[in-house]
Amino acid sequence: MRNATCALVIAALAIPSAATAQAYQCRAPSVSSVPQIAPDSRPRNVPTTGYTLALSWSPAFCRTRQADRAHRVQCSGENGRFGFIVHGLWPQGARTWPQWCPQQNRLTPQVARETMCMTPSARLIARQWAKHGACMTKKPETYFGVTRILWESLRIPDYDRISREDGLTAGRIREAFASANPGWQPAHVGVKLNREGWLQELRLCYDKRLRPTRCDDRRYGARDDVAANIWRGL
């Protein structure tokens, strides 16, 4: 595991860094304790063949949650406005994915707070470490450090402007992301839409060396010709 962790960190550090992943402002709140997360399924230990960085479109998520105390940091506007946020970095296997591996180190409030502007929910941070991160590294700070390097290397297109285009499709959403990020191709970008066709997530596909790679059908999501909408918020 130590060699795998070192390789993961080295691969992440080799990724060119962009100026910023988002232009939205964030003020990280204090975190006094870390939520306890109970597994909702059995542990699964399978070899890792790649990774997915899942980015959630916050305006759509917060559309009906602005007054929800459980999502106050992300949705109230008191801590800034968010565009995409990091849902999680997920290890992938050949046919399934590793999950709920034994934790060798506990997530601390300090690490959680340092992550809040990337993933603005202490419960979601705790869950991502427990379900996914513990299958990748020994330490939560390493897991979230690698996640942050990937996140900060990305350039996010102006999806507010793109949302106003006529005839918007899932293919246009992934093409815009690929055009803004050298080394990326549309086939590397999964697009998850809800049942009404609104953008929920981008799922960025990486190989074992954290290089962009073609998404499989499970992660690719909506086909290119599927009509799409992007909720802009207020």
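Preceding this paragraph is the structure being described.
Residues numbered from 1 in each chain as written. Predicted model: local features only at pLDDT ≥ 70, side-chain atom pairs only at ≥ 80, totals over all residues. Heavy atoms only, no water.

Chemist: With reference to specific residues and values, describe the layout of surface pockets.
Modeler: Quantified by volume, the largest pocket comes out at close to 560 Å³. Within the residue set of the lining of the largest pocket, elements represented by two or more residues are β1 (50-57), α2 (58-61), β2 (84-92), α5 (122-131) and β4 (199-207). If one sorts the elements of the lining of the largest pocket by residue count, β4 sits on top with four residues. Classifying every residue of the lining of the largest pocket gives 11 nonpolar, eight polar and seven charged. (1 Å grid on protein atoms, 1.4 Å probe; cavity = no way out; pocket = protein on both sides within 12 Å on 5 of 7 lines; lining within 4 Å. Points joined across faces, edges and corners; volume = space filled by probe spheres on them. Helix = DSSP H or I, 4+ residues; strand = E, 2+ residues; numbered from the N terminus. Nonpolar A, V, L, I, M, F, W, Y, C, P; charged D, E, K, R; others polar.)

Chemist: Could you give me a rundown of the side chain of Arg-203, with the residues and numbers involved?
Modeler: With respect to the element layout, Arg-203 can be found in strand β4. On the accessibility criterion, Arg-203 (18% relative accessible area) is buried. In this structure the side chain of Arg-203 is engaged in a polar contact, spanning 2.8 Å, whose partner is the side chain of Glu-201. (Buried < 20%, exposed > 50% of the residue type's maximum accessible area, 1.4 Å probe, protein only. Polar contact = N/O pair within 3.5 Å; in protein donor to acceptor, adjacent residues only side chain to side chain.)

Chemist: Give a description of empty space enclosed by the protein that names residues and reports values.
Modeler: Under the criterion given, the structure shown has one cavity of 30 Å³ or more. In this structure, the largest cavity occupies an estimated 30 Å³ of space. As for the largest cavity, its lining consists of Val-86, His-87, Gly-88, Leu-89, Met-118, Thr-119, Gln-128, Tyr-143, Phe-144 and Thr-147. Sorting the residues of the lining of the largest cavity by element identifies β2 and α6 (140-152) as the ones contributing at least two each. When residues in the lining of the largest cavity are grouped by element, the largest group, four residues, is from β2.

Chemist: I'd love a proper account of the sheet that holds β4, names of residues and values included.
Modeler: Judged by pairing direction, the sheet is antiparallel, and its four strands sit side by side in the order β2-β1-β4-β3 without closing on themselves. Two strands lie at the open edges of the sheet, namely β2 and β3 (189-193), each paired on one side alone. Geometrically, the sheet is characterised by an average inter-axis angle of 20° between neighbouring strands, direction not taken into account. The sheet contact formed by β1 and β2 spans eight bridges and is antiparallel. The residue of β2 that forms the bridge with Ser-56 is Ile-85. α6 rests against β1, β2 and β4 of the sheet, and its axis sits at about 120° to β2. (Pairing = 2+ DSSP bridges. Axes fitted to C-alpha atoms, helices over the stretch in contact; angles between N-to-C directions. Contact = heavy atoms within 4.5 Å.)

Chemist: I'd like a description of the state of the cysteines, backed by residues and values.
Modeler: Going through the model one piece at a time under the given rule, you end up with four disulfides. Covalent S-S linkage joins Cys-62 and Cys-75, the inter-sulfur distance amounting to 2.1 Å. Measuring the twist about the S-S bond at about -75°, one finds the Cys-62-Cys-75 disulfide to be left-handed. Within this pair, whereas Cys-62 is found in the loop between α2 and α3 (72-75), its partner Cys-75 is found in helix α3, the two being separated by 13 residues in sequence. Cys-75 matches Cys-62 in its accessibility class, with the two residues each being buried. Linked covalently through their sulfurs, Cys-205 and Cys-215 form a disulfide whose S-S length is 2.1 Å. Taking the torsion about the S-S bond as the criterion, the Cys-205 to Cys-215 disulfide, at about 110°, is right-handed. With Cys-205 in strand β4 and Cys-215 in the loop between β4 and α9 (217-220), the pair connects residues that are 10 residues apart, well separated along the chain. Residue Cys-215 is classed as buried on the basis of its relative accessible area, which comes to 7%. (Disulfide = S-S within 2.5 Å.)

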